[in-house]
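Structural overview
One letter stands for each residue in the lines below.
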Amino acid sequence: MTAPAPEPAAVPDGARPGPDGRLRCPWGTTAPDYAEYHDTEWGRPVHGDDALYERLCLEGFQSGLSWLTILRKREAFRAAFAGFHIPAVAAFAEEDEQRLLADSGIVRNRAKISAALHNARVAAEWPPGELDALVWSYAPEAAGRPVPRVFADVPAITPESTALAKALKKRGFRFVGPTTVYALMQACGLVNDHLADCWCR
């Protein structure tokens, strides 16, 4: 789940204090939902095939939308997609796809829904733990990575996200471009893009 661009125009580019006085990445101070997600989830290591599949799906659904929209619909997504349990989603039939397209609780985008179902079917063919191992094999070494001081220092793609996107596509995944994959890497703790002055860093 990506670091959303600060939405209000007046938000400064560096870490800023929230209501509790703690310095946070600027996007983490723009809404209570963002603050909670920023403080407790974003950038913390996530492991497990189902958990990473969920994050890949949600990052894909976020494309072109506000992350806040996805965050507020996350429980509806989990209910609609059987908790993002890969074997369960892989078994979805045509009527399930139609159900998803009619579900106002989620993002009803045919291409994104189709990609989520397709990716589950691909991942269901892999041995347990393979998606986790593949994703984490592209985590860059923390040493030597520049620490972002302002939001403008945070990249949208990296060589590692480009390589992982290519690896996933080669294995059959869809809707996994390098920007979406880098958002996954940020959200799931493969990289630490909290700003230098952010208390979470």
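Heads up: the structure comes first, above all this text.
Quantities reported herein were computed from a predicted structural model and do not represent experimental measurements. (Residues numbered from 1 in each chain as written. Predicted model: local features only at pLDDT ≥ 70, side-chain atom pairs only at ≥ 80, totals over all residues. Heavy atoms only, no water.)

Regarding the side chain of histidine 194
By the secondary structure assignment, histidine 194 is in the segment after α9 (178–187). The exposure class assigned to histidine 194 is buried, which follows from its relative accessible area of 4%. Only 2.9 Å separates the side chain of histidine 194 from the backbone oxygen of tryptophan 42, close enough to count as a polar contact. (Helix = DSSP H or I, 4+ residues; strand = E, 2+ residues; numbered from the N terminus. Buried < 20%, exposed > 50% of the residue type's maximum accessible area, 1.4 Å probe, protein only. Polar contact = N/O pair within 3.5 Å; in protein donor to acceptor, adjacent residues only side chain to side chain.)

Brief notes about the pattern of salt bridges
Within this structure, the stated rule accounts for eleven salt bridges. Arginine 74 is paired through a salt bridge with glutamate 41; the nearest N and O atoms lie 2.7 Å apart. Taken together, the residues arginine 74 in helix α3 (residues 67–80) and glutamate 41 in the loop between α1 (32–40) and α2 (49–62) connect sequence positions 33 residues apart. Across the salt bridge formed by aspartate 193 and arginine 145, the nearest N and O atoms sit 3.5 Å from each other. In this pair, aspartate 193 sits in the segment after α9 while arginine 145 sits in the loop between α7 (130–136) and α8 (159–170), placing the two residues 48 residues apart along the sequence. Exposure remark for aspartate 193: the relative accessible area of 4% places this residue in the buried category. Three or more residues are tied together by salt bridges with common partners; here these are Glu54, Arg55, Glu75 and Arg78. (Salt bridge = Lys/Arg side-chain N within 4 Å of Asp/Glu carboxyl O.)

Some details on α2
Note that an α-helix has 3.6 residues per turn; residues three or four places apart therefore point the same way. Counted at 1.5 Å a residue, the expected span for α2 with its 14 residues is 20 Å, and the 20 Å between its end C-alpha atoms agrees. With twelve of 14 residues buried, α2 is to be regarded as a mostly interior element. On its buried face, α2 is in contact with α3, α4 (86–90), α6 (110–124), α7, α8 and α9. At the exit of α2 stands glycine 64, carrying a positive phi of roughly 85°. (Expected span 1.5 Å × (residues − 1). Contact = heavy atoms within 4.5 Å.)

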